[in-house]
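Remarks on the overall topology
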Amino acid sequence: MKSEIYSPIPERTWRWLGVNAARYSEPVTGITSYAPSPLAAENTYVKPIEALTAEAAALLEKAETAAAAPAADYVTKNRNSGSFVEIPAHAQADAPIHLDYVLDAENPVLIDEQAIIARAGSRATVVLVYRGEGAFHRGLTRIYIEPGTELHLVKVQLLATQTNHADSDGVYAAGDAHFRFTAIEPGAAESATTLLVQLAGENGEADCETLYFGDGERRIDMNYILRQMGRHTKASMEVRGALLGRSEKIFRGTLDFQRGSRGSVGRENEEVVLLSP
């Protein structure tokens, strides 16, 4: 099967190492619709992606992703589902905003685009779950966080072992915003994920934690970039996982200190347990 570059590494290294880019199976053609609603109950913060306003779209342009341009464009041009989540200024969402996507025989293909705006002084948790017996998933999530805001994004990927899965997240955190990211990745035959967080303001924070499990012939690829642009920012990455059988994984973690990030600190830690001899 032909492959495409899904996510290039920020700074190329020796080609023979095989880590300069995530290559992935070609996208599907003849895309079918995805009928189910991801919401179990109505939520005033969540609207269809088609309701995205011009003002919100302009803000989200700043939320770059680490996916290659053709991969991101594929989602925006071919999406069959998606949501626009807007948390109002100073809102305190005590219950998580839960979006549950189930793939099955009637809905085997999901291409979803998520747009999230967290207004100043708000606090919320957004949970995205992908599960079921589908064949193909591509996802793109862009987030803009205003100053004084706390946003926690949780992604849980429980897709069946035959599923081809690729998902990309881009986050722009303004001012002293605090972004948390939690990913749980025990599913799919092929899984490629990217995360790019821009800490653009002074005292911004980003904390990222990922758990993964690979078995059989599964392939797992993760490319995380925390770009520290403002002064006195704090960023951390914690990635833990286990591999069994002939499964493989690549983790690319980059703490990118930009000019002007004086006084910023970053921490990265990865641990993997090999369960097969």
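Residues numbered from 1 in each chain as written. Predicted model: local features only at pLDDT ≥ 70, side-chain atom pairs only at ≥ 80, totals over all residues. Heavy atoms only, no water.

Describing the sheet that holds strand β5 (residues 97-103)
Note the following rule: What makes two strands pair is DSSP finding at least two bridges between them. Counting from the N terminus, the helices are the DSSP runs of H or I reaching at least four residues and the strands are the DSSP runs of E reaching at least two. The axes are straight lines fitted to the C-alpha atoms, using for helices just the contacting stretch, and the angles between their N-to-C directions are given from 0 to 180°.
Across the sheet, seven strands lie side by side as β5-β7-β9-β11-β13-β15-β17; this open sheet has parallel pairing. Each end of this open sheet is capped by a strand with a single partner; those strands are β5 and β17 (265-274). On average, adjacent strands in this sheet sit at an angle of 5 degrees to one another, irrespective of strand direction.

Looking at the environment of V75
Defined as follows: The rule is simple: take the accessible area with a 1.4 Å probe, protein chains only, and divide by the maximum for that residue type; under 20% is buried, over 50% is exposed, in between is partly exposed. Only heavy atoms matter for contacts: two residues are in contact if any of them lie within 4.5 Å across the pair.
Among the secondary structure elements, V75 is positioned in helix α2 (residues 69-78). Judged by its relative accessible area of 3%, V75 falls in the buried class. On a C-alpha basis, the gap between V75 and D112 in space is 6.9 Å, while along the polypeptide they are 37 residues apart. Apart from residues no more than four positions distant in its own chain, V75 is found in contact with I111, D112, E113, R138, G139 and L140.

Thoughts on the pattern of salt bridges
Spelled out, the test is: Put simply, a salt bridge is a Lys or Arg side-chain nitrogen that is within 4 Å of an Asp or Glu carboxyl oxygen.
Enumeration according to the criterion identifies 19 salt bridges in this entry. One salt bridge in this structure joins E238 and R267, with 2.4 Å as the shortest N-O distance. Placement of the pair is E238 in strand β15 (residues 234-243) and R267 in strand β17, with a sequence separation of 29 residues. Of the residues examined, R267 reaches a relative accessible area of 44% and is grouped as partly exposed. Where E270 meets K249, a salt bridge forms, and the shortest distance between an N and an O atom there is 2.1 Å. Taken together, the residues span a long stretch of sequence, with E270 in strand β17 and K249 in strand β16 (residues 248-257) at a distance of 21 residues.

Notes on a nonpolar patch on the surface
Here is the rule we go by: Each patch is built from residues lacking any salt bridge and having more than 30% relative accessible area; the joining distance is 9 Å for like charges and 5 Å for nonpolar side chains (Val, Leu, Ile, Met, Phe, Trp, Tyr). Exposure was quantified through the Shrake-Rupley algorithm and a 1.4 Å probe, taking into account, for residues, occlusion by the shown protein chains and nothing else.
A cluster of nonpolar residues, L244, V273 and L275, forms a patch on the protein surface that exposes about 240 Å² of accessible area. Within the secondary structure, L244 is located in the loop between β15 and β16.

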